[in-house]
Amino acid sequence: MTSKVISIVLGGGQGSRLSPLTATRSKPAVPIAGKYRLVDIPISNCLHSGITRIYVLTQFNSASLNKHIKNTYHFSSFSDAFVDILAAEQTPSSVAWFQGTADAVRQSLHHLAVHEFEYVLILSGDQLYQMDFEDMINHHIETNAEISIATIPVDAADVPGFGILKTDENNMITSFIEKPKSNFESWASEVSPEMQAEGRVYLASMGIYIFNRKLLYDLLEGNERTDFGKEIIPQSIEGHRVASYQYEGYWTDIGTIPSFFEANLGLTDNIPKFNLFDKNPIYTRARMLPPSKISGTLMEKSIVADGCIINAKQITHSIIGIRTRIGVNTIIENCYVMGSDNYQTLEQIAESKESASPIMGIGDNCHIKNAIIDKNTYIGDNVTINCGEKLEDGDYGTHTVQDGIVVVKKRAIIPSGTVI
């Protein structure tokens, strides 16, 4: 049945909660795990599920995402498979940018119309999970649903952050409430014994939807409703068959700096909740990089991507991204270092040393803790980051602080001897 499905990956808005990582890139283009982009997650899930016709909808800072898609997803000339970008555009019928998730899909319907399909799978571009969408599609068909919503059981502490759904004995959704703050005990649904044992008895929407083709067009055309979660879904429950597809695996919404930081460092666990070593790999851009070179470094619970040159003293509970250079006697703790887009030449490195300016990467004798180092940064020697008193949240030019996490901005230059 997957041949009858087209997938739409929503690129999201400005991504202000992930700032400054989204200052020059869209949310789906944010690097994760040292070598991937967030958009690689939903696309890889689609491809492993046999869904090979995928549109990615974007409008903010889409240049790097366009480049990544173009350089990554190539298919045979004899195949109808594609991963295409649909950016917000002015047309005779619409002169405005996307006003929400539903409006983005509405403005893109004319691009879908040229294809044969029966179902539309709508996904978010900023979530970390592994799901077989074929199971969800089969469940959608077996239940004779017109709309299916992927749901995940959550506990009472998490309820205020989600749209919560109530289901009947047939897994049909009977009611919906958006981010309730209190008095939601009656919203518990039937879940598996494992979920009950953990107190996860409330079904939260994951922002993953399947729509029958005709109904999607009927719901979007001729009106101004802009959002699936706030308008389309709640207004469809009473008049249409809306099914819940319960998912009990690992899933997290990467919408804030703390959640992004936690999700990435969680990948270094002995048995991570999101398994990069699964039989179904995450597809990403194939880079012709040399293997990483590590000298004199004590390394524990860390991930190192390709093309790195590391002479650090110690790296603990950290992710080191592609082409990262780290100097001697440097200590990295609880950090995500995203790496670089290119190498400096030996001549450029020599010129930097002569002028006493930092080279790209992290210099000698540094101590960096609880930080995200964005791409193409220049951190000099003897730099100390987040190793003293608790830092106040705020934007400090070259870096920001959020919930104790220092984010060094892309292309920032941190002079030697700096203490943050």
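All values derive from a computational prediction rather than experimental measurement. (Residues numbered from 1 in each chain as written. Predicted model: local features only at pLDDT ≥ 70, side-chain atom pairs only at ≥ 80, totals over all residues. Heavy atoms only, no water.)

Examining the overall build of the protein
Turning to step 1, where the next piece is worked out: The helix and strand inventory of the protein stands at nine helices and 29 strands.
Turning to step 2, where the next piece is worked out: Since a compact globule built from 420 residues should have a radius of gyration of about 22 Å, the 23 Å found for the protein is in line with a globular shape.
Turning to step 3, where the next piece is worked out: With the principal axes as the frame, the protein shows a C-alpha extent of 70 × 50 × 40 Å.
Turning to step 4, where the next piece is worked out: Across the 420 residues in the protein, those meeting the buried criterion constitute 53%.
Turning to step 5, where the next piece is worked out: Sequence separation of 24 or more characterises 63% of the internal contacts of the protein that already satisfy a separation of 6 or more.
Turning to step 6, where the next piece is worked out: Taken as a whole, the protein presents about 18,900 Å² of accessible surface, with 48% of it coming from carbon and sulfur.
Turning to step 7, where the next piece is worked out: Of the charged side chains in the protein, 35 are positive and 48 negative, and the gap between their average positions amounts to 6 Å. (Helix = DSSP H or I, 4+ residues; strand = E, 2+ residues; numbered from the N terminus. Rg over C-alpha atoms; globule rule 2.2 N^0.38 Å. Buried < 20%, exposed > 50% of the residue type's maximum accessible area, 1.4 Å probe, protein only. Contact = heavy atoms within 4.5 Å. Areas by Shrake-Rupley, 256 points an atom, 1.4 Å probe, with all protein chains shown as cover. Lys, Arg positive; Asp, Glu negative; His and termini not counted. Charge placed at Lys NZ, Arg CZ, Asp CG, Glu CD.)

What about the packing of aromatic side chains?
The relative placement of two aromatic rings is captured by the distance of their centres and the angle of their planes.
Turning to step 1, where the next piece is worked out: This structure, assessed with the given rule, holds nine aromatic pairs.
Turning to step 2, where the next piece is worked out: With 6.3 Å between their ring centres and 65° between their planes, Y129 and F133 make a pair best called edge-to-face. Pair check on accessibility: Y129 and F133 agree, each one buried.
Turning to step 3, where the next piece is worked out: Put simply, the rings of Y209, F211 and F228 pair up and form one aromatic cluster.
Turning to step 4, where the next piece is worked out: Lying across the ring of F117, R213 places its NZ or CZ 4.1 Å from the centre. (Phe/Tyr/Trp six-rings, centres within 6.5 Å; stacked < 30°, edge-to-face > 60°. Lys NZ or Arg CZ within 6 Å of the ring centre and 35° of its normal.)

Points about the pattern of salt bridges
Turning to step 1, where the next piece is worked out: Tallied over the full model, the rule gives eight salt bridges.
Turning to step 2, where the next piece is worked out: D374 is the salt-bridge partner of R25, the closest N and O atoms lying 3.0 Å from each other. In this pair, R25 is assigned in the loop between β1 (5-10) and β2 (31-32) and D374 in the loop between β23 (367-373) and β24 (378-379), connecting sequence segments 349 residues apart. Each member of the pair, R25 together with D374, is buried.
Turning to step 3, where the next piece is worked out: Residues D126 and K27 are paired through a salt bridge, measuring 2.7 Å at the closest nitrogen-oxygen approach. (Salt bridge = Lys/Arg side-chain N within 4 Å of Asp/Glu carboxyl O.)

Considerations on the domain arrangement of the protein
Turning to step 1, where the next piece is worked out: Per the domain assignment, the segments making up the protein are domain 1 (5-267) and domain 2 (289-414).
Turning to step 2, where the next piece is worked out: Measuring from the centre of the C-alpha atoms in domain 1 to the corresponding centre in domain 2 gives 34 Å.
Turning to step 3, where the next piece is worked out: The interface of domain 1 with domain 2 comprises 20 residues on the first partner and 23 residues on the second.
Turning to step 4, where the next piece is worked out: Summing both sides of the interface, domain 1 and domain 2 together bury roughly 1,700 Å²; the carbon and sulfur share of this comes to 69%.
Turning to step 5, where the next piece is worked out: Here domain 1 and domain 2 share one salt bridge between them.
Turning to step 6, where the next piece is worked out: The interface formed by domain 1 and domain 2 includes eight residue pairs in polar contact (both at pLDDT 80 or more).
Turning to step 7, where the next piece is worked out: Listed by contribution, the elements that provide at least two residues to the side of domain 1 that touches domain 2 are β2 and α8 (257-265).
Turning to step 8, where the next piece is worked out: It is α8 that contributes the most residues to the side of domain 1 that touches domain 2, six residues altogether.
Turning to step 9, where the next piece is worked out: Among the residues forming the side of domain 1 that touches domain 2, the class breakdown is twelve nonpolar, four polar and four charged. (Domains from an automatic or database assignment. Buried area = accessible area lost by both parts, 1.4 Å probe. Polar contact = N/O pair within 3.5 Å; in protein donor to acceptor, adjacent residues only side chain to side chain. Nonpolar A, V, L, I, M, F, W, Y, C, P; charged D, E, K, R; others polar.)

Some words on a positive patch on the surface
Turning to step 1, where the next piece is worked out: Together, R17, K179, K181 and K230 make up a region of like positive charge exposed at the surface.
Turning to step 2, where the next piece is worked out: Residue K179 is classed as partly exposed on the basis of its relative accessible area, which comes to 40%. (Patch = residues over 30% accessible without salt bridge, like charges linked within 9 Å, V, L, I, M, F, W, Y side chains within 5 Å.)

Some points on the pairing of strand β21 (residues 331-337)
Turning to step 1, where the next piece is worked out: With five of its seven residues buried, β21 lies for the most part within the structure.
Turning to step 2, where the next piece is worked out: By the bridge criterion, three bridges tie strand β18 (residues 314-316) to β21 in an arrangement that is parallel. Counterpart to I315 in the pairing with β21 is I332.
Turning to step 3, where the next piece is worked out: Of the strand pairs in this sheet, β21 and β23 are connected by six bridges, and their pairing is parallel. (Pairing = 2+ DSSP bridges.)

Focus: the environment of I69
Turning to step 1, where the next piece is worked out: Its place among the elements puts I69 in helix α2 (residues 63-72).
Turning to step 2, where the next piece is worked out: A relative accessible area of 4% means that I69 is categorised as buried.
Turning to step 3, where the next piece is worked out: Sequence separation between I69 and A29 is 40 residues, and the spatial gap between their C-alpha atoms is 9.4 Å.
Turning to step 4, where the next piece is worked out: Sequence-distant contacts of I69, defined by excluding residues within four places in its chain, comprise V39, I43, V56, V83 and I85.

Details of α8
Turning to step 1, where the next piece is worked out: Burial runs high along α8: seven of the nine residues are buried.
Turning to step 2, where the next piece is worked out: For α8, the set of buried residues is I257, S259, F260, F261, A263, N264 and L265.

Digging into the side chain of R106
Turning to step 1, where the next piece is worked out: Looking at the element boundaries, R106 is found in helix α3 (residues 101-112).
Turning to step 2, where the next piece is worked out: Discounting residues that sit within four places of it in the chain, R106 has contacts with L220, N223, E224 and R225.

Thoughts on the nonpolar core
Turning to step 1, where the next piece is worked out: In terms of nonpolar packing, the biggest core is built from 67 residues, with M131, I208 and F260 touching the most fellow members.
Turning to step 2, where the next piece is worked out: Counting only domains with at least three residues in this core, you end up with domain 1 (5-267) and domain 2 (289-414).
Turning to step 3, where the next piece is worked out: One finds L86, F117, F228 and I237 within the second-largest nonpolar core, a separate group that totals 32 residues. (Core = buried A, V, L, I, M, F, W, Y, C linked by side-chain atoms within 4.5 Å.)

Looking at unusual backbone geometry
Turning to step 1, where the next piece is worked out: Here the bond from S19 into P20 is cis, since omega is 10°, no more than 30 degrees from zero.
Turning to step 2, where the next piece is worked out: Assignment of secondary structure puts P20 in the loop between β1 and β2.
Turning to step 3, where the next piece is worked out: Of note, the phi angle at A33 is positive, near 55°, even though the residue is not glycine.
Turning to step 4, where the next piece is worked out: Following the sequence through the fold, A33 ends up in the loop between β2 and β3 (36-37).
Turning to step 5, where the next piece is worked out: Judged by its relative accessible area of 4%, A33 is buried.
Turning to step 6, where the next piece is worked out: Its identity is not glycine, yet N334 carries a phi of approximately 50°, on the positive side.
Turning to step 7, where the next piece is worked out: With respect to the helices and strands, N334 occurs in strand β21.

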